[in-house]
Amino acid sequence: MTPDRAIRVRTYDELSQFVTAFAAGHLNLLILLGGPGLAKSRTVRQILDGKACWIEGNATAFGVYGALWRHKNRMVVIDDIDNLYSDRSAVRLLKCLCQTDAVKQVAWHSASTRLSRDGLPQSFQTTSRVTLIANNWRTLNGNVAAVQDRGHVVLFEPTAVEVHRQVAEWFWDPDILDWFGNHLHLIHNPSMRHYLRAAELKQAGLPWVQAIQSDTLSEKTLLVAQLKADSRFSTEMQRIAAFRWMGGGCRAMYFNHARKLGTNGTCRQKQVQLNNSPT
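Please read all numbers here as calculations on a predicted model, not as lab measurements.

1. Here's the deal with the pattern of salt bridges
All chains considered together, the criterion is met by 10 salt bridges. When the shortest N-O distance is used, the salt bridge between Glu-56 and Arg-45 registers 3.4 Å. Here the residue Glu-56 occupies a position in strand S3 (residues 52-56), and Arg-45 occupies one in helix H2 (residues 40-48), the gap between them amounting to 11 residues. For Arg-45, a relative accessible area of 42% puts it in the partly exposed group. Of the charged contacts in the structure, one is a salt bridge between Lys-202 and Asp-173, with a shortest N-O distance of 2.9 Å. Residue Lys-202 is located in helix H9 (residues 192-203), and its partner Asp-173 is located in the loop between helix H7 (160-167) and helix H8 (174-183); the two are separated by 29 residues in the primary sequence. Judged by relative accessible area, which is 27%, Lys-202 ranks as partly exposed. Connected through salt bridges with shared partners, the residues Arg-8, Arg-10 and Glu-157 form a single ionic network.

2. A look at the sheet that holds strand S1 (residues 7-9)
Ordered by their spatial adjacency, 6 strands build an open sheet running S1-S8-S2-S7-S4-S3, and the pairing between neighbours is parallel. Looking at the sheet topology across the chains shown, the edges are occupied by S1 and S3. Here the strands of the sheet are splayed against their neighbours by 20° on average, with no regard to which way each runs. As paired strands, strand S2 (residues 29-34) and strand S8 (residues 152-156) are joined by 5 bridges and run parallel to one another. In the strand pairing of S8, Gly-34 is matched with Phe-156. Contacts between H2 and the sheet are confined to S2, S3, strand S4 (75-79), strand S7 (130-134) and S8, with S3 contributing the most and set at about 160° to the helix.

3. Brief notes about unusual backbone geometry
Not every positive phi belongs to a glycine, and Ala-39 is a case in point at roughly 65°. Summarising the element assignment, Ala-39 is placed in the loop between S2 and H2. In this structure, Asp-49 is a non-glycine residue whose phi angle is positive, near 50°. Relative to the helices and strands, Asp-49 resides in the loop between H2 and S3.

4. Brief notes about the confidence of the model for the chain
The share of residues in the chain with pLDDT of 70 or more is 88%, and the mean pLDDT across the chain is 85. Between the elements of the chain, mean pLDDT differs from a low of 71, seen in helix H6 (residues 142-149), to a high of 97, seen in helix H1 (residues 12-23). Note that pLDDT drops below 50 for residues 263-279; the model gives that stretch 30 contacts with residues more than four away or on any other chain.

5. What about H7?
Of the residues making up H7, those classed as buried are Ala-160, Glu-162, Val-163, His-164 and Val-167. Check the buried side of H7 and you find it contacts H1, H8 and H9.

6. Notes on the environment of Leu-48
Of note, Leu-48 is situated in helix H2. Relative accessible area serves as the criterion here: at 2%, Leu-48 is assigned to the buried category. A C-alpha to C-alpha distance of 7.9 Å links Leu-48 and Thr-20, two positions 28 residues apart in sequence. Ignoring any residue separated from it by four or fewer positions in sequence, one finds Leu-48 in contact with Phe-22, Ala-23, Met-75 and Val-77.

7. Here's the deal with the pairing of strand S6 (residues 123-126)
Alternating positions in S6 separate cleanly, Phe-124 and Thr-126 being buried on one face and Ser-123 and Gln-125 remaining unburied on the opposite face. As paired strands, strand S5 (residues 104-107) and S6 are joined by 4 bridges and run antiparallel to one another. Of the residues in S6, the one forming a bridge with Gln-105 is Gln-125.

8. Observations concerning helix H3 (residues 61-70)
Of all 10 residues that make up H3, 7 are buried, and the element is covered over most of its length. When H3 is considered as a whole, its buried residues turn out to be Ala-61, Phe-62, Val-64, Tyr-65, Gly-66, Ala-67 and Leu-68. In this structure, the buried residues of H3 make contact with S3, S4, helix H4 (88-97), S5, helix H5 (112-117) and S6.

9. As for the side chain of Thr-131
Within the secondary structure, Thr-131 sits in strand S7. Looking at Thr-131, the relative accessible area reads 1%, which means it is buried. If we ignore the near neighbours within four places in the chain, the residues touching Thr-131 are Phe-22, Leu-30, Val-76, Val-77 and Ile-78.

Criteria and cut-off values
Residues numbered from 1 in each chain as written. Predicted model: local features only at pLDDT ≥ 70, side-chain atom pairs only at ≥ 80, totals over all residues. Heavy atoms only, no water. Salt bridge = Lys/Arg side-chain N within 4 Å of Asp/Glu carboxyl O. Helix = DSSP H or I, 4+ residues; strand = E, 2+ residues; numbered from the N terminus. Buried < 20%, exposed > 50% of the residue type's maximum accessible area, 1.4 Å probe, protein only. Pairing = 2+ DSSP bridges. Axes fitted to C-alpha atoms, helices over the stretch in contact; angles between N-to-C directions. Contact = heavy atoms within 4.5 Å. pLDDT = per-residue confidence, 0-100.

Listed below in structure tokens is the structure:
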């Protein structure tokens, strides 16, 4: 679900501008959303350069409270917040922490014995500013909506070309880079993790191209690619019949996806021109 008033960002340069603004103290709350494998967390870590308290999303609400006390007044990043949605205590805590006031009052109103054991106060004040990182944002109740309303929601949606440019700066395998570069027009869910999985499979001597096709191509384009590679079908008429039987659609639909792949079932050999393409 896309939150209301989310700011859509398409490039890593734009993403860096928002994180830099947070680091400089201009943003009180930054909510950074985007699919997995887009280096959201890495980008934030690089820009904040160790100056923030980093809390992983698998922490409990009480664990978050303790970290906020120990690192009060520092910038706070809560990464992978998806796991905290089901915890009412965590959501209430975030609501207090993400207030728009410069000084926030954070409190824990239960488990006083545990507070004493861990040397934590029942309440404290902090000037911490917050970045929340998540793959999805779910406005499950009024408290979650209140957290969202207090910050700047950035939805990071880079294109396959943009992700490829970024990966080309550090990825080491030219064969895999070339494959992705020639297939960017087909990739509907770009992720840096696709490149890493391909590298692992290739190093192990496993069929990495077939595996990465399953990861990156749309369902019908993948079906056409599989039919093209299937030695049981020697003619286009046989492939079209199988395409229809498997729910792919009509003859025109088959040829539409075949044109995307190229006349011989592989990607057309038109390399997307990249400013930072590997040599």
